[in-house]
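# Survey of secondary and tertiary structure
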Amino acid sequence: MLITHDTECALSILVDLLNTAPEVCGDERLPDVAALDAFVVRQEISEIDSLTEDDLRRVHDLRTRLREVFGTESTAEAADLVNAIVTAAGTTPRLVNHDHHDWHIHYFAPHAALGDHLAAELGMALTFILMAGERERLRRCEAPDCARVFVDLSRNRSRRYCDSRTCGNRLHVAAYRARQRSAETVASA
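Just so it is clear, the model here is predicted, and its values are computed rather than measured.

In terms of strand pairing, strand 1 (residues 94-98) meets strand 2 (residues 101-106) through four bridges, oriented antiparallel. Residue His98 lies in a different strand from strand 2, and its bridge partner there is His101. Between the antiparallel neighbours strand 1 and strand 2 lie two residues, among them Asp99 with a positive phi of about 45 degrees.

The subject of this paragraph is the pattern of salt bridges. Tallying each qualifying case throughout the model produces twelve salt bridges. For the salt bridge of Asp116 with Arg58, the shortest nitrogen-to-oxygen distance reads 2.8 Å. Residue Asp116 is located in helix 6 (residues 114-131), and its partner Arg58 is located in helix 4 (residues 53-69); the two are separated by 58 residues in the primary sequence. Residues Arg137 and Glu134 are paired through a salt bridge, measuring 3.0 Å at the closest nitrogen-oxygen approach. Of the two residues, Arg137 and Glu134, both sit in the buried class. A single salt-bridge network, built from bridges that share partners, covers Glu134, Glu136, Arg137 and Arg157.

Taking 1.5 Å of rise per residue, 14 residues should cover 20 Å, and helix 1 (residues 5-18) covers 20 Å from first to last C-alpha, within 8% of that figure. For helix 1, the set of buried residues is Thr7, Ala10, Leu11, Ile13, Leu14, Val15, Leu17 and Leu18. Here the buried face of helix 1 lies against helix 2 (22-25), helix 3 (33-42), helix 4, helix 6 and strand 4 (149-151).

All right, on to the nonpolar core then. If you look at the biggest cluster of nonpolar residues, it comprises 43 residues, and the most contacted ones within it are Leu14, Leu17, Leu30, Leu66, Leu114, Leu118 and Leu122. Breaking this core down by element, the ones donating at least two residues are helix 1, helix 3, helix 4, helix 5 (75-89), helix 6 and strand 4. Tallying contributions element by element places helix 6 first for this core, with ten residues. Each residue touching Leu17, except ones within four places of it in the same chain, is listed here: Leu30, Phe39, Val59, Arg63, Leu66, Leu118 and Leu122. Among the nonpolar cores identified, the runner-up in size contains seven residues, and Cys141, Tyr161, Cys162 and Cys167 belong to it.

It is worth spelling out a nonpolar patch on the surface at this point. Where nonpolar side chains cluster on the molecular surface, the patch consists of Leu95, Trp103 and Ile105 and spans about 340 Å² of accessible area. Among the structural elements, Ile105 can be located in strand 2. Take Ile105: its relative accessible area is 37%, and that puts it in the partly exposed class.

Turning next to unusual backbone geometry. A positive phi angle is found at Glu44, which is not glycine, with a value near 55 degrees. For Glu44, the location among the structural elements is in the loop between helix 3 and helix 4.

Axis separation between helix 1 and helix 6 bottoms out at 9 Å; the angle between their running directions is 110 degrees. Taken together, the axes of helix 1 and helix 6 are roughly perpendicular relative to one another. As for the relative orientation of helix 1 and helix 6, their crossing is left-handed in sense. Across from Thr7, Ala10, Leu11, Ile13, Leu14 and Leu17 in helix 1, the residues of helix 6 making contact are Leu118, Glu121, Leu122, Ala125, Leu126, Phe128 and Ile129.

Analysis parameters
- Residues numbered from 1 in each chain as written.
- Predicted model: local features only at pLDDT ≥ 70, side-chain atom pairs only at ≥ 80, totals over all residues.
- Heavy atoms only, no water.
- Pairing = 2+ DSSP bridges.
- Helix = DSSP H or I, 4+ residues; strand = E, 2+ residues; numbered from the N terminus.
- Salt bridge = Lys/Arg side-chain N within 4 Å of Asp/Glu carboxyl O.
- Buried < 20%, exposed > 50% of the residue type's maximum accessible area, 1.4 Å probe, protein only.
- Expected span 1.5 Å × (residues − 1).
- Contact = heavy atoms within 4.5 Å.
- Core = buried A, V, L, I, M, F, W, Y, C linked by side-chain atoms within 4.5 Å.
- Patch = residues over 30% accessible without salt bridge, like charges linked within 9 Å, V, L, I, M, F, W, Y side chains within 5 Å.
- Areas by Shrake-Rupley, 256 points an atom, 1.4 Å probe, with all protein chains shown as cover.
- Axes fitted to C-alpha atoms, helices over the stretch in contact; angles between N-to-C directions.
- Parallel < 35°, antiparallel > 145°, perpendicular 65-115°, else oblique.
- Left-handed = near helix turned anticlockwise from the far one by under 90°.

These results come straight from atomic positions and should not be treated as a statement about function.
See the structure below:
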């Protein structure tokens, strides 16, 4: 599957945004406008004016709607959700080059509210995944105690955990220890 650099960046922002929710982390990672502003800076989101409490509320609402896409049972269901998100954002595709980036498409109006900006950009990234018939790449971590999501961009769609160094490694170590205990029990019997 060919994913453009812009789509890959948008998918990274999407995953980071979704994994800030309290149901994922245990606490709200975007609790105030300052945290939202830090998110915008960290993700290098361009053309954003001063943020307000309304922006924060709208991003929280958008995060909830975007997260629903990862729990859908079919591409048609995911498409309905993504279509609603993109339509509400009022996309305005335009060709731009800025900040040492070559020509690329922005799907949001210049200086759009952050919620609309993200809805358009992240919704279009999801659109490209769905159009390619790759909905199964939108995944939830398989670790039983993890609620994080990720987009599996591996060639063979084999990624199972949000982070192999934490969730994946932790589960592999636990399975190894369980096998060791089982072998010790059999040996001592």
